[in-house]
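Each chain, written out:
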Amino acid sequence: MAALGVNGPEDDSPNWDNVAWRRHEENVRRLRGRIFKATKDGDWPQVRNLQKLMLRSWSNTLVSVRQVAQHNAGRATAGIDGQVALTSPARMDLAEQTHRTAQSFMPLAVKRVYIPKANGKQRPLGIPVISDRVHQARHRNALEPEWEARFEPKSYGFRPGRSCQDAIQVIHVTACGATAQRLWVLDADLTAAFDKIDHDRLLATIGNFPGRTKIRGWLKAGVFEKGKGFTPTDAGTPQGGVISPLLLNIALHGLEEAAGVRKERSDPQRTKRGSPSLIRYADDMVALCYSKQQAEDVKTRLAAWLAPRGLTFNEDKTRIVHLDDGFDFLGFTARRRNGKLLMKPSKAAVKRVRHRLSAEFRALRGTNPATVLAKINPIVRGWANYYRGAASSIVFAALDVHLWRLTYKWACHSHPHKPRPWIVNRYFGRYNPDRQDRWVFGDRNSGAYLPKFAWTKIVRHRLVRGNASPDDPAQAGYWAERRSKNQPLLDRRTLHLLRRQHGTCPICGELLLHADREPQSPREWEQWHRTARKAITRQIIAVYGNGLSDDARLVHSFCLRRTTGGQQEPAPLNS
């Protein structure tokens with residue numbers, strides 16, 4: 001391929017495995033920071049020029065392809081064209097094609113698929129083709145830093161560096177204590193927010209962003225559903241698009257002001273006394289108010305603000321309650337008892353995970369212990385990781401009883417003619433050397449075992465600062481310190497190596513466990529643990545060295561192949 005100019009590859013045969021990722025990631029990070037700072041300074045001509053530079057950047061193209069085709073969990077999911085990029089040559093070809101067609105590409109319709117919701121209904125998703133997903137990632141890198149500098153401090157959904165736990169923690173901070181006064185809650189949910197956003201309003205809010213025409217193209221691209229054909233889209237942004245969560249946040253920007261929230265002049269991050277406090281996670285929101293009348297007024301003002309944007313409240317899920325009666329939000333239940341606010345896993349969430357575990361064990365009958373552990377471990381670790389910041393000890397203990405019954409029942413079904421002492425001796429023992437517990441389910445061949453929910457330490461989540469953003473160059477130290485405090489649930493040896501290496505690969509300098517944001521639900525935590533386990537067993541992460549503890553290192557396997565010319569295979573790393 002010929003050279004693509006100053007912002008494209010300069011050699012005739014670029015190799016994906018030889019890309020200097022540290023340099024390209026740093027280029028994108030630095031440019032995002034400049035866009036953020038220019039927005040804060042109100043220098044709009046500079047903002048637009050920097051965004052144009054980001055959209056022309058070869059580094060942005062490479063990083064976007066890597067995010068979409070290598071890191072994202074949905075990288076193997078194709079759009080209507082059936083195309084994916086799962087090999088290094090395919091990813092480099094995709095990067096070159098994307099960069100070459102940056103100005104001329106035409107968005108294609110999304111593929112309609114359905115996934116089950118917690119209430120038994122189906123959630124429609126729209127899967128763009130992989131080239132559109134890469135272009136959307138490129139545009140997100142240009143648009144997101146501008147809005148990160150503008151978003152409201154208590155907006156937590158689908159934003160870098162923020163999570164569900166932040167939304168839950170700010171509710172706890174606002175309403176905890178015997179002297180708390182915001183005790184009435186407007187628990188609100190929007191009806192099909194992704195599907196009903198008004199396009200004209202959204203585009204007007206985006207303003208003169210250089211990629212505005214392309215965003216309009218994605219909004220109007222339409223949907224193709226098997227058996228129904230093509231359907232044009234006059235409203236909404238499809239769930240499943242890379243840029244869709246950002247567009248939803250942009251469309252809902254201004255909700256705090258609409259609700260009547262007032263800030264202190266001396267500290268814009270603090271809400272004035274007497275004013276309601278609005279906490280939003282994507283299209284779910286909670287308004288903490290001083291009285292029932294104030295909550296009703298907030299609902300009326302918000303309904304009037306949402307109507308021109310094509311959005312309405314879901315009246316079945318929207319209610320006004322007192323904190324003494326409690327309410328559910330993001331899988332947690334918040335309720336005051338005896339002047340104390342308790343945040344616990346909701347009954348619905350506990351019921352779902354119990355049913356999920358029961359269904360999985362029924363499906364695993366006839367398999368071996370290794371298969372059981374590979375399937376169940378991520379569910380247990382993911383669910384415990386999501387709820388470890390709440391008052392979950394009692395729930396964890398009850399789930400351990402349920403889990404033990406399921407494992408014992410599975411073992412008895414596998415050996416119906418064996419006596420109980422034989423079954424107990426075969427499948428249960430002191431597998432965890434750090435616990436004096438002889439009733440741990442495990443695999444005697446490998447030594448792997450099933451962790452218990454109660455082993456997860458309850459750790460109060462550290463609330464993110466209201467004005468903090470990873471795109472702010474002035475807060476780089478804050479985010480580095482924050483990442484070092486949030487340890488994933490991995491084995492002790494891997495955690496020791498990650499801590500010693502500050503979580504980075506010594507060859508490329510990038511994070512070993514890459515994530516653009518913290519998992520946002522038990523399912524996403526489960527997916528994270530599955531990905532980490534596969535990365536370890538498939539040697540995406542590997543121990544590099546002679547195997548001794550003093551010089552063992554965690555490295556990316558593609559970094560190792562690049563430095564050794566493919567002559568040395570990484571050693572397996574067991575979790």
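In this text, all values refer to a predicted model and were calculated from it rather than measured experimentally.

Take the layout of surface pockets next. Of the volumes computed, that of the second largest pocket is approximately 540 Å³. Lys154, Thr174, Arg182, Arg270 and Thr271 are, among the 23 residues lining the second largest pocket, the residues nearest its centre. Residue contributions to the lining of the second largest pocket peak at three residues, all from helix α6 (residues 164–175). Among the residues forming the lining of the second largest pocket, the class breakdown is nine nonpolar, seven polar and seven charged.

So, about the sheet that holds strand β8 (residues 319–322). The sheet built from four strands is open, its strands ordered β6-β7-β3-β8 with antiparallel pairing. In the strand order of this sheet, the two ends are held by β6 (277–281) and β8, each with one partner. Ignoring strand direction, the axes of neighbouring strands in this sheet form an average angle of 20°. Where strand β3 (residues 184–189) and strand β7 (residues 284–289) come together, six bridges link them in antiparallel fashion. Bridge pairing in β7 links aspartate 189 to aspartate 284. Strand contacts of α6: β6 and β7, with the helix running at about 165° to β6, the strand carrying the most contacts.

Interaxial distance between helix α8 (residues 199–206) and helix α10 (residues 244–251) falls to 9 Å at its minimum, and their mutual angle equals 85°. Relative to α10, the element α8 is oriented roughly perpendicular. Facing α8, whose interface residues are Leu202, Thr205 and Ile206, α10 presents Leu247, Ile250 and Ala251. When its residues are assigned to classes, the contact of α8 with α10 shows five nonpolar, one polar and no charged.

Attention now goes to helix α3 (residues 58–71). Every α-helical turn comprises 3.6 residues, leaving residues that sit three or four positions apart pointing alike. Here α3 contains 14 residues, and its C-alpha end-to-end distance of 18 Å stays within 8% of the 20 Å for a straight helix at 1.5 Å per residue. The buried count for α3 comes to 13 of 14 residues, which makes it a mostly enclosed element. By the N-cap criterion, in which a side-chain oxygen at the helix start approaches the backbone nitrogen of a residue two or three places on, α3 is capped by serine 57, the distance to serine 59 being 3.2 Å.

Taking 1.5 Å of rise per residue, 21 residues should cover 30 Å, and helix α1 (residues 21–41) covers 30 Å from first to last C-alpha, within 8% of that figure. Within the sequence span of α1, burial applies to Trp21, His24, Val28, Leu31, Arg32, Gly33, Ile35, Phe36, Ala38 and Thr39. Where α1 terminates, the next one or two residues include glycine 42, which has phi positive at roughly 75°.

The rules we used
Every residue gets a number counted from 1 within its own chain, in the order that chain's sequence is written. At least 70 in pLDDT is required for a residue's local features to be given in this predicted model, at least 80 for side-chain atom pairs to be given and counted, and no such filter applies to totals for whole chains, interfaces and linings, which use all residues. Water and hydrogen atoms were dropped before computing side-chain values, which therefore reflect all heavy atoms in the structure. Buriedness of a pocket was judged along seven lines, with at least five required to meet protein on both sides within 12 Å; pockets are open sets of points on a 1 Å grid over the protein atoms alone, cavities are sets where a 1.4 Å probe fits but cannot get out, and lining residues have an atom within 4 Å of a point. Grid points are joined across faces, edges and corners, and a volume is the space filled by probe spheres set on the points. Each helix is a run of H or I in the DSSP string that is no shorter than four residues. Each strand is a run of E no shorter than two, and both are numbered from the N terminus. Under the scheme applied, nonpolar residues are Ala, Val, Leu, Ile, Met, Phe, Trp, Tyr, Cys and Pro; charged residues are Asp, Glu, Lys and Arg; polar residues are all the others, including Gly. Pairing between strands is defined by DSSP: at least two bridges between the two strands are required. Fitted lines through C-alpha atoms give the axes, limited to the stretch in contact for helices. The angle between two N-to-C directions lies from 0 to 180 degrees. Residue contacts are defined here by distance: any two heavy atoms, one from each residue, within 4.5 Å place the two residues in contact. By the definition adopted for this analysis, an angle is roughly parallel if under 35 degrees, roughly antiparallel if over 145, roughly perpendicular if from 65 to 115, and oblique otherwise. One less than the number of residues in a helix, times 1.5 Å, gives the span that helix is expected to have. Accessible area is worked out with a 1.4 Å probe on protein chains only. A residue is then buried under 20% of its type maximum, exposed over 50%, and partly exposed in between. Between N or O atoms, a polar contact is any pair within 3.5 Å; within protein, one atom must be a potential hydrogen donor and the other a potential acceptor, and residues adjacent in sequence are included only when both atoms are from side chains.

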